Amino acid sequence: DGRADEACRASLIETLRHVRTKDGRADDEAHLAMLAEALAAMFDGLLVRAIRNPGLDRKRLGRVFQAAIRDLLDQPA
């Protein structure tokens, strides 16, 4: 449902704001919204890949995913 997605997105944006402010970054709302959308797209894609490739090495993919998230969060505004 759209309301649930919006609530999750708003919560993620607040978490991103907190993490990035703690790291000394001052992001505008548009940048935080795009970071949230990128993360949501990554996680949605992860679910699809797990279904389409049941033999996926989840531990290894998890490490790659964590590195990708760190890189994404390290992006300048």
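Our subject is the structure listed above.
To keep things clear, this report deals only with the structure shown in the data block.

About the thresholds
- Residues numbered from 1 in each chain as written.
- Predicted model: local features only at pLDDT ≥ 70, side-chain atom pairs only at ≥ 80, totals over all residues.
- Heavy atoms only, no water.
- Helix = DSSP H or I, 4+ residues; strand = E, 2+ residues; numbered from the N terminus.
- Expected span 1.5 Å × (residues − 1).
- Buried < 20%, exposed > 50% of the residue type's maximum accessible area, 1.4 Å probe, protein only.
- Arc of directions from axis to C-beta.
- Contact = heavy atoms within 4.5 Å.
- Phe/Tyr/Trp six-rings, centres within 6.5 Å; stacked < 30°, edge-to-face > 60°.

1. Comments concerning helix α1 (residues 2-22)
Then comes step 1: Along its 21 residues, α1 runs 30 Å from first to last C-alpha, staying within 8% of the 30 Å computed at 1.5 Å per residue.
Then comes step 2: Burial in α1 covers these residues: Ile-13, Leu-16 and Arg-20. Down the axis of α1, the buried side of the element spans an arc of 65°, and every buried residue falls inside it. When the buried face of α1 is taken as reference, the exposed residues oriented beyond 90 degrees from it are Arg-3, Cys-8, His-18 and Lys-22.
Then comes step 3: Where α1 is buried, its residues meet α2 (29-52) and α3 (58-73).
Then comes step 4: Note on α1: the residue one or two positions beyond its end, Gly-24, has a positive phi of about 85°.

2. Here's the deal with the packing of aromatic side chains
Then comes step 1: In total, this model carries one aromatic pair according to the counting rule given.
Then comes step 2: Aromatic side chains Phe-43 and Phe-65 sit 5.1 Å apart centroid to centroid with 80° between the ring planes, which places their arrangement in the edge-to-face category. Placement of the pair is Phe-43 in helix α2 and Phe-65 in helix α3, with a sequence separation of 22 residues.
Then comes step 3: Exposure remark for Phe-43: the relative accessible area of 40% places this residue in the partly exposed category.
Then comes step 4: Classification of Phe-65 as buried rests on a relative accessible area of 14%.

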